[in-house]
Amino acid sequence: MAAVRDALTYAENSLGIRRLLLRDELSTSGQDLVLEQLGSLIGLSRSGQMAMRKLLAAYLERVERDYDTLPFRLYPFRAAWSGNKPIVIDPRISFGRPTVAGSGVSTGALVDRIDAGETVETLARDYGLEIAQIEDAILYERAA
């Protein structure tokens, strides 16, 4: 309860927000209160900064960098994929369109064929992919 009081005090004094608990932008990660404001997440509790660092680190782990430390490949983030990286965006492959990792097969091409009435099994056979890879591509495209 003390964390909630601290969050309310911080929101009122530092952010000028009244009636914080009635705001749609308020959410929780279980222990921390988080406020979405202007496209950013603001940790409102004492451990909020640490929680935001952990969240940011999870996203940054999905970016590969070259020898000059420049980002060159991105693995989009989905909660269900936690440690898995089934989809990749690499400007050197398929003109930077999202592809199934390790295959070069465009996620958009797979979904176009599904929308045309083909089955997941047919696509898996045609492209030499696992059914789970096709399903991840569909999930990615539908969420994008």
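Rules used in this analysis
- Residues numbered from 1 in each chain as written.
- Predicted model: local features only at pLDDT ≥ 70, side-chain atom pairs only at ≥ 80, totals over all residues.
- Heavy atoms only, no water.
- Axes fitted to C-alpha atoms, helices over the stretch in contact; angles between N-to-C directions.
- Helix = DSSP H or I, 4+ residues; strand = E, 2+ residues; numbered from the N terminus.
- Parallel < 35°, antiparallel > 145°, perpendicular 65-115°, else oblique.
- Left-handed = near helix turned anticlockwise from the far one by under 90°.
- Contact = heavy atoms within 4.5 Å.
- Nonpolar A, V, L, I, M, F, W, Y, C, P; charged D, E, K, R; others polar.
- Polar contact = N/O pair within 3.5 Å; in protein donor to acceptor, adjacent residues only side chain to side chain.
- Salt bridge = Lys/Arg side-chain N within 4 Å of Asp/Glu carboxyl O.
- Buried < 20%, exposed > 50% of the residue type's maximum accessible area, 1.4 Å probe, protein only.
- Core = buried A, V, L, I, M, F, W, Y, C linked by side-chain atoms within 4.5 Å.

Caption draft 1: How the structure looks around the packing of helix 4 (residues 120–127) against helix 5 (residues 131–143). Two elements in contact, helix 4 and helix 5, have axes separated by 9 Å at closest approach and are oriented at 110°. One finds that helix 4 runs roughly perpendicular with respect to helix 5. Crossing angle aside, the handedness with which helix 4 passes helix 5 is right-handed. Residue-level contacts link Val120, Glu121, Leu123 and Ala124 of helix 4 to Ile131, Ile134 and Ile138 of helix 5. Residues that form the contact of helix 4 with helix 5 fall into these classes: six nonpolar, no polar and one charged.

Caption draft 2: Representation of the environment of Arg142. Mapped onto the elements of the fold, Arg142 is located in helix 5. Expressed as a C-alpha distance, the spacing of Arg142 and Val111, which sit 31 residues apart in the sequence, is 8.6 Å. Ignoring sequence-local partners within four residues, the contact set of Arg142 consists of Val111 and Asp115. Of the polar contacts made by the side chain of Arg142, one reaches the side chain of Asp115; its length is 2.4 Å.

Caption draft 3: Looking closely at the pattern of salt bridges. Overall, the coordinates contain six salt bridges when judged by the stated rule. Between Arg113 and Glu118 there is a salt bridge, with its nearest N and O atoms 2.6 Å apart. Classification of Glu118 by relative accessible area gives partly exposed; the value is 30%. Salt bridges here are not isolated pairs; linked through shared partners, they connect Glu64, Arg73, Asp90 and Arg92.

Caption draft 4: Looking closely at the nonpolar core. Counting 13 residues, the largest nonpolar core has Val100, Leu110, Leu129, Ile134, Ala137 and Ile138 as the members making the most contacts within it. Residue assignment for this core shows that the elements contributing at least two residues are helix 3 (107–115), helix 4 and helix 5. Ignoring any residue separated from it by four or fewer positions in sequence, one finds Ile138 in contact with Val111, Ile114 and Val120.

Caption draft 5: Unusual backbone geometry, seen in detail. Not every positive phi belongs to a glycine, and Ser94 is a case in point at roughly 55°. Mapped onto the secondary structure, Ser94 falls in the loop between strand 6 (87–88) and strand 7 (99–100). One non-glycine residue, Phe95, lies in positive phi territory at about 55°. Looking at where Phe95 falls in the secondary structure, it is placed in the loop between strand 6 and strand 7. Its relative accessible area of 77% is what places Phe95 among the exposed residues.

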